[in-house]
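A closer look at the structure
Residues per chain, in single letters:
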Amino acid sequence: MSDVQGFEALRELEGAPPPTQAPPPLREQKLDQLGRAYATGKRKNAIARVWVKPGKGKITINGKESDAYFARPVLRMMIAQPFRITDRDGQFDVYVTLSGSGLSGQAGAVRHGISKALADYEPGLRPTLKHAGFLTRDSRVVERKKYGRAKARRSFQFSKR
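To start, this report covers the structure provided alongside it. Throughout, a residue's number is its position along its own chain's written sequence, starting from 1. Thresholds applied to this predicted model are a pLDDT of at least 70 for local features of residues and 80 or more for the giving and counting of side-chain atom pairs; totals over whole chains, interfaces and linings are not thresholded and use all residues. Calculated side-chain values reflect all of the structure's heavy atoms, with hydrogen atoms and water omitted.

Before going further, it helps to examine the packing of helix 3 (residues 73-85) against helix 4 (residues 103-121). Viewed as axis vectors pointing N to C, helix 3 and helix 4 meet at an angle of 10°, and their least axial separation amounts to 8 Å. With respect to their mutual orientation, helix 3 and helix 4 come out roughly parallel. Counting all contacts with helix 3, which are made through L75, M78, I79, Q81, P82 and F83, the residues of helix 4 involved are L103, S104, A107, G108, V110, R111, I114, S115 and L118. Its residues assigned to classes, the contact of helix 3 with helix 4 shows 10 nonpolar, four polar and one charged. Lines fitted to C-alpha atoms define the axes here, with helix axes fitted over just the stretch in contact, and angles between the N-to-C directions of these axes take values from 0 to 180 degrees. The way it works is that DSSP assigns letters per residue, a run of H or I at least four long becomes a helix, a run of E at least two long becomes a strand, and they are numbered from the N terminus. These descriptions rest on fixed angle ranges, namely under 35 degrees for roughly parallel, over 145 for roughly antiparallel, 65 to 115 for roughly perpendicular, and the rest for oblique. By the convention used here, residues are in contact when the closest approach between their heavy atoms is within 4.5 Å. For this scheme, ten residues count as nonpolar: Ala, Val, Leu, Ile, Met, Phe, Trp, Tyr, Cys and Pro. Four count as charged, namely Asp, Glu, Lys and Arg, and the remainder, Gly too, count as polar.

Shown next, in the form of structure tokens:
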């Protein structure tokens, strides 16, 4: 193509309407056949499989009520945080199966799972949950014990004798 032909092609484009920008695709709602949103939450060695569906705010963990499973109020507060920050208290029923770690790690895993499931159920809540840091997996785990040490970093007591 010569320069003259190139300029003619540009002149033809001058009168054309500007290309329209399509809005970025919004996230879609992800539900199973029963109308529930599923997500996996993790913290330390705890893994929480979480199902969220519309309901009266009942939280069931390994077949027990959340008040019976998490006796400490701090842990119950932790798992309720995603609902409080999004103003969805008492609007969803949650079913959780938990395994691994201790109660603190399990509560963190449940919070992570509920947050992810809420974001899948109502994609509009994602920015609020993301800003609060509930969608980020806390990657801190226990450091392994090293050979020749009492714990991961602690040495055995030194004695000169």
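Glancing now at the environment of V52. Here V52 shows up in strand 2 (residues 46-54). Partly exposed describes any residue whose relative accessible area lies between the buried limit of under 20% and the exposed limit of over 50%, with all areas from a 1.4 Å probe on protein chains only and scaled to the type maximum. The exposure class assigned to V52 is buried, which follows from its relative accessible area of 0%. Along the chain, V52 and Y121 lie 69 residues apart, while their C-alpha atoms are 7.8 Å from each other.

Between its first and last C-alpha atoms helix 3 spans 18 Å; for 13 residues at 1.5 Å apiece the expected length is 18 Å, and the two agree. Of all the bends in helix 3, the greatest reaches close to 40° and is centred on I79; the proline P82 follows between one and four positions later. Every buried residue of helix 3 is listed here: L75, M78, I79, A80, P82 and F83. The inward-facing, buried residues of helix 3 abut strand 3 (59-61), helix 2 (66-69), strand 5 (92-99), helix 4 and helix 5 (126-132). Where helix 3 terminates, the next one or two residues include D87, which has phi positive at roughly 55°. Take the residue count of a helix, subtract one, and multiply by 1.5 Å to get its expected span. To get the bend at any residue, fit one axis to the seven residues that end at it and another to the seven that begin at it, then take the angle between the two axes.

Right, let's talk about the pairing of strand 2 for a bit. In this analysis, strands are considered paired if DSSP registers two or more bridges between them. Bridge count for strand 1 (residues 37-43) against strand 2 is seven bridges, and the pairing is antiparallel. Of the residues in strand 2, the one forming a bridge with A37 is V52. Linking two consecutive strands that pair antiparallel, namely strand 1 and strand 2, is a turn of two residues; a positive phi of about 50° is found at K44 within it. With eight bridges connecting them, strand 2 and strand 5 associate as antiparallel partners. Bridge assignment links A48 to a residue of strand 5, and that residue is L98.

For this document, the term salt bridge refers to a Lys or Arg side-chain nitrogen within 4 Å of an Asp or Glu carboxyl oxygen. Applying the stated criterion across every chain yields a total of eight salt bridges. R43 is the partner of D138 in a salt bridge, and the nearest nitrogen-oxygen pair spans 3.5 Å. Separated by 95 residues along the polypeptide, D138 in the segment after helix 5 and R43 in strand 1 bring together distant segments of the chain. The partly exposed category is assigned to D138, whose relative accessible area is 25%. Note that R153 and E143 form a salt bridge whose closest N and O atoms lie 3.0 Å from each other. One end of the pair, R153, is in the segment after helix 5; the other, E143, is in the segment after helix 5, with 10 residues separating them in the sequence.

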